[in-house]
Amino acid sequence: MNDMPFSMLFGMLAVMLILSAFFSGSETSLMTLNRYRLKHLVKLKHKGAIKTHVLLQQPDRLLGLILLCNNFVNNFASSIATVIAIKLYADEESSVAIAAALLTIVMLIFSEVTPKTLATIKPELLAFPAAWIYTPLLRVLYPIVWFINLFVNLLLKLVRVDVKKNNTYTINKEELKTIIAETDSLMSQRYQKMLMSILDLETATVEDIMTPRNEIVGIDLEAPLETIIDQIKNSPHTRMPVYKKSIDRVIGFLYLRKVLLLLNMDDFDKHTLISLLVKPSFIPESTPVHAQMVRFKDEKIRVGLVVDEYGDVQGLVTMDDLLQEIVGELITEDVTARKQSDGSYLVDANITIRELNRVTQWALPTEGPKTLNGLIIEFMETIPDAGISIKLHDYPLEIIKCDEHAVKLVKFLPQKQSKVLKKHT
């Protein structure tokens, strides 16, 4: 090499710097590729994506190949720089050190930082072309790569890392939520909320979304027939539970469309009504929402009664309630939590905590009481009077209306008023 002309030595050094930049940049681009976009491109039969996907199935081999080539190129470049320094300054002992320092700066700028920065910003620009080069190169250098990886894998096993078992790219639910939250430019906030609700179905139970027992509207067979007929004619519901004295003694569900045509018949009586009843469906209160949706679909029913561990009816849930948990305000306009012009919220205290969080994007706790009324009573350990202001889990509110048994209406104040409320709590 000492006999080579300067032009050839500088030419070889330039080639080594270019190769080093290629290996450094391709390593970064391949490792920072979006794996889910890569899988999508593979489904679209993108040839570069297919080769890249195959290489990334065994990252230890790919990294072994890249680093083998990169280290060889860098060491060879260092040797060439040393030869050039000796030929230029044969009498100066510091020439080799100066050459090493200059080469380090040049390689850092042109062969490391620049290509790696570009690869990070646009990984596909370099990753896919590089896959065409690395695929045949891996076949040629496979024995050397295999020998290197043999020792690498042994060292990793000493720290209890299995390369094969850890070569998977998955995301958990919270990471998926973060991805959805960052899709503002791709979908509206309304559809983001819908996807978030779907992800939360696993943690929601029918108890979280049911109509509570005290709000169930049903038909008492012990009532006079005229009262029952009037109730059916004026009911806003399409299905009603029928019971004797207490909802715990329910005997079936009445589909109003089946009975409306019979109401004006002279022989219509309670026996006719009973003959039209559908067997009631009972749902344990801990049943997950997604499991109940499947059950409703399989059994072709749309309404059921929620019972506790003692068999007492705690509430009622319909297929519409389950769908509402997913799509929220897409079905109906929300009337239980209305935002005011000053930024406050006027809220019916019977609203569930999950629904309130969905409407307002707050983070009130859902592990305990299921309704806002229950959360307030648990927090205060008493049924409060109207006009009282409190700070409920960092959310300031004023109790507008209540009775002897429960809070009925509250007003959540804008966060800027929280300092004022501290004086009243």
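You'll find the structure just up there.
It should be emphasised that the depicted structure is a prediction, and the values quoted were computed from it without experimental measurement.

Calculation criteria
Residues numbered from 1 in each chain as written. Predicted model: local features only at pLDDT ≥ 70, side-chain atom pairs only at ≥ 80, totals over all residues. Heavy atoms only, no water. 1 Å grid on protein atoms, 1.4 Å probe; cavity = no way out; pocket = protein on both sides within 12 Å on 5 of 7 lines; lining within 4 Å. Points joined across faces, edges and corners; volume = space filled by probe spheres on them. Nonpolar A, V, L, I, M, F, W, Y, C, P; charged D, E, K, R; others polar. Salt bridge = Lys/Arg side-chain N within 4 Å of Asp/Glu carboxyl O. Helix = DSSP H or I, 4+ residues; strand = E, 2+ residues; numbered from the N terminus. Buried < 20%, exposed > 50% of the residue type's maximum accessible area, 1.4 Å probe, protein only. Phe/Tyr/Trp six-rings, centres within 6.5 Å; stacked < 30°, edge-to-face > 60°. Axes fitted to C-alpha atoms, helices over the stretch in contact; angles between N-to-C directions. Parallel < 35°, antiparallel > 145°, perpendicular 65-115°, else oblique. Contact = heavy atoms within 4.5 Å.

### Focus on empty space enclosed by the protein
Across all of its chains, the model carries 2 cavities of 30 Å³ or more by this definition. As a volume, the largest cavity reaches approximately 60 Å³. In terms of lining, the largest cavity is formed by F253, Y255, V278, K279, P280, S281, I301 and V303. Residue classes in the lining of the largest cavity are distributed as 6 nonpolar, 1 polar and 1 charged.

### Section: the pattern of salt bridges
Applying the stated criterion across every chain yields a total of 7 salt bridges. Where D320 meets R302, a salt bridge forms, and the shortest distance between an N and an O atom there is 3.2 Å. A residue pair is termed long-range when its members are at least 10 positions apart, and D320 in helix α15 (residues 319-327) and R302 in the loop between α14 (289-299) and β6 (303-307) qualify at 18 residues. The shortest N-O distance in the salt bridge between D403 and K408 comes to 3.7 Å. The exposure class assigned to K408 is partly exposed, which follows from its relative accessible area of 30%.

### Let's talk about the packing of aromatic side chains
Inspection of every chain in the model, using the stated rule, returns 9 aromatic pairs. On the numbers, 5.7 Å between centres and 35° between planes, the contact of F22 with Y134 is tilted. Placement of the pair is F22 in helix α1 (residues 6-32) and Y134 in helix α6 (residues 123-140), with a sequence separation of 112 residues. Of the two residues, F22 and Y134, both sit in the buried class. Between the aromatic rings of F147 and F151, the centroid separation amounts to 5.1 Å while the plane-to-plane angle is 75°, which identifies the pairing as edge-to-face. Here the residue F147 and the residue F151 both occupy positions in helix α7 (residues 142-158), the gap between them amounting to 4 residues, near one helical turn.

### A short note on the packing of α1 against α6
It is at 8 Å that the axes of α1 and α6 come closest, and there the two elements cross at 110°. Considered as vectors, α1 and α6 are oriented roughly perpendicular to each other. Residues F22, F23, G25, S26, S29, L30 and T32 of α1 touch α6, and the partners they reach there are P123, L126, A127, A130, I133 and Y134. Partitioning the contact of α1 with α6 into residue classes produces 9 nonpolar, 4 polar and no charged.

### A short note on unusual backbone geometry
Within the chain, K45 stands out as a residue other than glycine whose phi angle is a positive 65°. Among the structural elements, K45 can be located in the loop between α2 (35-43) and α3 (47-56). Relative accessible area serves as the criterion here: at 64%, K45 is assigned to the exposed category. Unlike most non-glycine residues, E381 shows phi in positive territory, near 60°.

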